[in-house]
Amino acid sequence: MLDIKFIRDNLEQVEQRLATRGTEIRLDEFRQLDTQRRELLGEVEGLKAEKNRVSAVIGQTKDKSQVQGEIARMKEVSAQIKQMDDQLRDLTEALSAILMTVPNLPHEATPVGASEDDNVEIRRWGTPREFSFEAKAHWDIGEQLDILDFERAGKLTGARFALYKGAGARLERALINFMLDLHTEQHKYVEMLPPFMVNRDSMTGTGQLPKFEEDLFHVEGPDYFLIPTAEVPVTNIHRDEILGAEQLPLCYTAYTPCFRKEAGSHGRDTRGLIRQHQFNKVELVKFVEPETSDAELDSLLANAEKVLQLLELPYRVVDLCTGDIGFSAARTFDIEVWLPGQSVYREISSCSNFRDFQARRAAIRYRREEGAKPEFVHTLNGSGLAVGRTLLAILENYQQEDGSVIVPEALRPYMGGLERITGK
RNA sequence: GGAGGAGUGGCCGAGUGGCUUAAGGCGGCGGUCUUGAAAACCGUUGUACGAAAGUACCGUGGGUUCAAAUCCUACCUCCUCCGCCA
């Protein structure tokens, strides 16, 4: 959520900066409702002040017959206040409905562009391997090794689900542990294991609601949603809290499954592990002081890159343009891993600085010093990494001509020393 | 699932309709005293909107009343006991 005062005072600038996202957002309705609301607020507060004053006098008067006129008048004032409060509530709701659907302002450094074609590649790491045979796609490798079973997953649930078997299941689990150990031991993140369902307030705090409800799985019964990313529960840990400056930066890492409807991507990436309704992810989340958030994004990105470096998987880093960054983000770097099966770089991590956008929605604040006025923190997060996509990248990059897959050295301690996954 | 109890400031805790401007305590901050500290004493201590006056906030939403932390109502959360259960 943007600062309502900032919008009020910089309406044109806000409209212009939002226009770089590619969606035109007209804020004149906002301005009209805001003016109306502020006028009404002034009036109703004046009436309330009078009601409070007169009621105190009535309370002090022993002989109530002397103040019958006042009581009658206050009854009317009260009715008027109630009516105005209702009107005020409607205005506030309408205003908030607009405010909640306005995306974040892009960072000054975010490249301006219309679509993902305008994203800027900023570096590459590693050299894609030369294959002396035709590289296969991971779904073929996985099925031939009998470690991935998409057909039975379809029977169990439906399309876009996977059943991992044997070394496949163990590899997924090894990756989760490897990533968590790296981030907690080397990068000093605190591990969290949050609920995998959250309520509406949490989804609103990080920006998934109210705009993107159609992407979420909602459970029957209580008004809960399956999390589409650990960002939601982990960022909301400090919702409605005021932190101390000495606690910052707070760095959390969490493994969770993620559940996404993938509405609107029918027919895309239908094969394999790329786009699933349920996938595992290790997430990195930071709560930081505003002036440090740019540097903190760089280090969070480096922490995510480290996973690929240790696994010796080639990747590139892309600076997303204004037309491609997410609703809540001000700046985003994607890490894309090399997939020889399709000869493309595919997103495996997305690292974003949300500045105070989520903090304002979720009321996450801090004090610079004892007694200072609370200010909003900046929040950041990134995948460190998407586990399923890491597994498929390993299958494709480490595949051998005989169909087996070499286990990256860094993972062997997590695989009981296994060096190679071979068929039955 | 059944029965009962409880939600008040950073924390503990009083408050069952009107000087409540939320008592008192703890903690925090400032001061007096002290070589320094402790103790003692004095003062201060939430959030949002607003230039200010002021308004709102006692789990959440409705309601009653001139007036609600206090009464009514629905919901949420936590606790205790019973039952079931990974």
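Model, not experiment: these values are computed from the prediction.

## Here we look at the protein's contact with RNA strand B
Right, on to step 1. For RNA strand B, the set of nearby residues contains 20 residues, the closest of which are Ser55, Lys75, Ser78, Arg367 and Glu370.
Right, on to step 2. Of all atoms in RNA strand B that approach within 4 Å of the protein, 74% are sugar or phosphate atoms.
Right, on to step 3. Side-chain polar atom of Asn52 to a phosphate oxygen of RNA strand B: 3.1 Å apart, as the coordinates give it.
Right, on to step 4. Looking at the surface near RNA strand B, the elements that each hand over two or more residues are α1 (4-9), α3 (28-60), α4 (68-100) and β13 (364-367).
Right, on to step 5. With seven residues, the single largest contributor to the surface near RNA strand B is α3.
Right, on to step 6. Looking at the surface near RNA strand B, its residues break down into six nonpolar, four polar and ten charged.

## Regarding the sheet that holds strand β14 (residues 375-376)
Right, on to step 1. Taking strand neighbours across the sheet as the criterion, the three strands line up as β7-β13-β14 in an open arrangement whose pairing is mixed. Edge positions in the open sheet fall to β7 (241-244) and β14, since each of these has one partner strand only.
Right, on to step 2. When β13 meets β14, the two strands line up antiparallel, connected through two bridges. Paired with Arg365 across the strands is Phe376, a residue of β14.

## Some details on the packing of aromatic side chains
Right, on to step 1. Considering all chains together, one arrives at seven aromatic pairs under this definition.
Right, on to step 2. With a centroid separation of 5.6 Å and 15° between ring planes, the pair formed by Trp125 and Tyr315 is classed as stacked. You can see Trp125 sitting in strand β1 (residues 120-125) and its partner Tyr315 sitting in strand β10 (residues 315-319), a full 190 residues away along the chain.
Right, on to step 3. Between Phe178 and Tyr414, the ring centres sit 5.9 Å apart and the planes meet at 75°, which makes this aromatic pair edge-to-face. Remark: Tyr414 occurs in the loop between β16 (405-406) and β17 (420-421) and Phe178 occurs in helix α7 (residues 167-186); sequence separation between them is 236 residues.
Right, on to step 4. Classification of Phe178 as buried rests on a relative accessible area of 6%.
Right, on to step 5. Judged by relative accessible area, which is 24%, Tyr414 ranks as partly exposed.
Right, on to step 6. Three or more aromatic residues joined by ring pairs make a cluster, and in this case those are Phe212, Phe327 and Phe357.

## Looking at unusual backbone geometry
Right, on to step 1. Following Leu209, the chain continues into Pro210 via a peptide bond in cis, with omega recorded as 5°.
Right, on to step 2. Here Pro210 is to be found in the loop between α8 (200-206) and β6 (224-226).
Right, on to step 3. Within the chain, Glu262 stands out as a residue other than glycine whose phi angle is a positive 55°.
Right, on to step 4. Position of Glu262 relative to the elements: it lies in the loop between β8 (250-259) and β9 (278-288).
Right, on to step 5. Exposure remark for Glu262: the relative accessible area of 16% places this residue in the buried category.

## Some words on a negative patch on the surface
Right, on to step 1. A surface patch of negative charge is lined by Glu116, Asp117, Asp118, Asp324 and Glu347.
Right, on to step 2. For Glu347, the position within the fold is in strand β12 (residues 344-355).

## Some remarks on the domain arrangement of chain A
Right, on to step 1. Domain annotation for chain A reports domain 1 (28-100) and domain 2 (116-421).
Right, on to step 2. Relative to domain 2, the C-alpha centre of domain 1 lies at a distance of 49 Å.

## Details of the nonpolar core
Right, on to step 1. Ranked by size, the top nonpolar core spans 53 residues in total, and within it Leu175, Met179, Leu308, Leu311, Leu313, Ile394 and Leu411 carry the most contacts.
Right, on to step 2. When neighbours within four sequence positions are excluded, Leu411 is seen to be in contact with Leu171, Ala174, Leu175, Phe178, Leu311 and Ile394.
Right, on to step 3. Membership of the second largest hydrophobic core comes to 30 residues, among which are Leu40, Val54, Leu95 and Ile98.

## Here we look at the sheet that holds strand β15 (residues 378-386)
Right, on to step 1. Pairing is mixed in the open sheet, where eight strands are placed in the order β1-β10-β11-β12-β15-β9-β8-β4. Here the strands that pair on one side only, and so sit at the sheet edges, are β1 and β4 (190-192). Averaged over neighbouring strand pairs, the angle between their axes works out to 25° when direction is ignored.
Right, on to step 2. Bridging between β12 and β15 involves four bridges; their strand directions are antiparallel. Residue pairing across strands places Cys351 opposite Gly382, the latter belonging to β15.
Right, on to step 3. Sitting on the sheet, α7 touches β4, β8, β9 and β15, and the angle it makes with β9 is about 10°.
Right, on to step 4. Sitting on the sheet, helix α12 (residues 387-397) is in contact with β9, β11 (331-339), β12 and β15, with an inclination near 35° to β15.

## Notes on the pairing of β11
Right, on to step 1. Where burial is concerned, most of β11 is hidden: nine out of the nine residues are buried.
Right, on to step 2. Of the two faces of β11, the one lined by Arg331, Phe333, Ile335, Val337 and Leu339 and the one lined by Thr332, Asp334, Glu336 and Trp338 are each fully buried.
Right, on to step 3. Both β10 and β11 contribute to a ladder of five bridges, which runs antiparallel. Opposite Val317, over in β11, you have Ile335 as the bridge partner.

## Focus: α7
Right, on to step 1. Look at α7: 27 Å from first C-alpha to last across 20 residues, which is about the 28 Å you get at 1.5 Å a residue.
Right, on to step 2. Among the residues making up α7, those that are buried are Gly168, Leu171, Glu172, Ala174, Leu175, Ile176, Phe178, Met179, Leu180, Leu182, His183 and Thr184.
Right, on to step 3. Two residues or fewer after α7 comes Lys188, characterised by a positive phi angle close to 65°.

Cut-offs and rules
Residues numbered from 1 in each chain as written. Chains lettered and ligands numbered in written order. Predicted model: local features only at pLDDT ≥ 70, side-chain atom pairs only at ≥ 80, totals over all residues. Heavy atoms only, no water. Near = heavy atom within 4 Å. Polar contact = N/O pair within 3.5 Å; in protein donor to acceptor, adjacent residues only side chain to side chain. Helix = DSSP H or I, 4+ residues; strand = E, 2+ residues; numbered from the N terminus. Nonpolar A, V, L, I, M, F, W, Y, C, P; charged D, E, K, R; others polar. Pairing = 2+ DSSP bridges. Phe/Tyr/Trp six-rings, centres within 6.5 Å; stacked < 30°, edge-to-face > 60°. Buried < 20%, exposed > 50% of the residue type's maximum accessible area, 1.4 Å probe, protein only. Patch = residues over 30% accessible without salt bridge, like charges linked within 9 Å, V, L, I, M, F, W, Y side chains within 5 Å. Areas by Shrake-Rupley, 256 points an atom, 1.4 Å probe, with all protein chains shown as cover. Salt bridge = Lys/Arg side-chain N within 4 Å of Asp/Glu carboxyl O. Lys, Arg positive; Asp, Glu negative; His and termini not counted. Charge placed at Lys NZ, Arg CZ, Asp CG, Glu CD. Domains from an automatic or database assignment. Core = buried A, V, L, I, M, F, W, Y, C linked by side-chain atoms within 4.5 Å. Contact = heavy atoms within 4.5 Å. Axes fitted to C-alpha atoms, helices over the stretch in contact; angles between N-to-C directions. Expected span 1.5 Å × (residues − 1).

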